[in-house]
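Listed below are the residues making up each chain.
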Amino acid sequence: ALLHVLDDPGADLLWRDYCLQKLPMAFEQEALPEKRRAAIIASLVEYAGDVRVSYSGTALLGLYRLRESPHAPDRQILVKLATNILDHRKYALANKITALQIAVLLGDADALNQAREIVETSAEPIALKIPAIAALEQGGVPLHDMPLIESHSEDLDFRVRRAVQTARNNLMQLKYSHEN
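Just so it is clear, the structure is predicted and the values come from calculations on it, not from any experiment. (Residues numbered from 1 in each chain as written. Predicted model: local features only at pLDDT ≥ 70, side-chain atom pairs only at ≥ 80, totals over all residues. Heavy atoms only, no water.)

### Section: helix 4 (residues 55-65)
Thinking step 1. Across the 11 residues of helix 4, nine count as buried, placing the element largely inside the fold.
Thinking step 2. Looking only at helix 4, the buried set comprises Tyr55, Ser56, Gly57, Thr58, Ala59, Leu60, Gly62, Leu63 and Tyr64.
Thinking step 3. Against the buried residues of helix 4 lie helix 2 (13-27), helix 3 (34-47), helix 5 (75-87) and helix 6 (93-105). (Buried < 20%, exposed > 50% of the residue type's maximum accessible area, 1.4 Å probe, protein only. Helix = DSSP H or I, 4+ residues; strand = E, 2+ residues; numbered from the N terminus. Contact = heavy atoms within 4.5 Å.)

### So, helix 7 (residues 109-120)
Thinking step 1. Between its terminal C-alpha atoms helix 7 stretches 17 Å, which fits the 16 Å expected from 12 residues at 1.5 Å a residue.
Thinking step 2. Buried residues of helix 7: Ala111, Leu112, Ala115, Arg116, Ile118 and Val119, and no others. All buried residues of helix 7 fall inside an arc of 160 degrees around its axis, so they share one side. Away from its buried face, by an angle of more than 90 degrees, helix 7 presents the exposed residues Asp110 and Glu120.
Thinking step 3. Those residues of helix 7 hidden inside the fold are in contact with helix 6, helix 8 (126-139) and helix 9 (142-150). (Expected span 1.5 Å × (residues − 1). Arc of directions from axis to C-beta.)

### Quick notes on the packing of aromatic side chains
Thinking step 1. In this structure the tally under the stated criterion is two aromatic pairs.
Thinking step 2. For the ring pair tryptophan 15 and tyrosine 18, a centre distance of 5.4 Å and an interplane angle of 15 degrees mean the geometry is stacked. With tryptophan 15 and tyrosine 18 both in helix 2, this residue pair falls three residues apart, about one helical turn.
Thinking step 3. What makes tryptophan 15 partly exposed here is its relative accessible area of 46%.
Thinking step 4. An angle of 90 degrees between the planes, with centres 5.3 Å apart, marks the rings of tyrosine 47 and tyrosine 55 as edge-to-face.
Thinking step 5. A relative accessible area of 4% means that tyrosine 47 is categorised as buried.
Thinking step 6. What makes tyrosine 55 buried here is its relative accessible area of 0%.
Thinking step 7. Taking the ring centre of phenylalanine 27 as reference, the NZ or CZ of arginine 37 above it sits at 5.4 Å.
Thinking step 8. It is arginine 67 that lies over the ring of tyrosine 64; its NZ or CZ is 3.8 Å from the centre. (Phe/Tyr/Trp six-rings, centres within 6.5 Å; stacked < 30°, edge-to-face > 60°. Lys NZ or Arg CZ within 6 Å of the ring centre and 35° of its normal.)

Keep in mind that these numbers describe shape and distance, not what the molecule does.
This is the structure we're talking about:
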């Protein structure tokens, strides 16, 4: 039923996005035939390139959740899908945030460099700068990235300062857990 709603061009965009969110849960149902699993993966890959509303971010997140499945696309395809979202203006900011986080979690060095550029550039929207700080915390090199993160500790926007504090705390916990 979820795939039918997605294929219905007359269905409400928000309803279709909701169905897209539920595809990974449907995929995990044991009784689901292999043909349906393949159709779910194909739909998620297709919608990862869709610029409408939050489709691309939702689909990419779904694929990331299913990445351990033997049916899921490999890491390189997920990175390519994420990079496509990051590199094109046509995608909404929310989708770019999701793409950046997923690419970093997948260990993509280019996404980490892009996160560094976002943090360094004052012209970037705060809504993108905060996830970029989080991405550096999650996938960056602490000794290399901490000075860049710390350079925003006195930012005028409390949300950026809070992101810096969270990154600092998490990196310190990581440092101490490795020392013990």
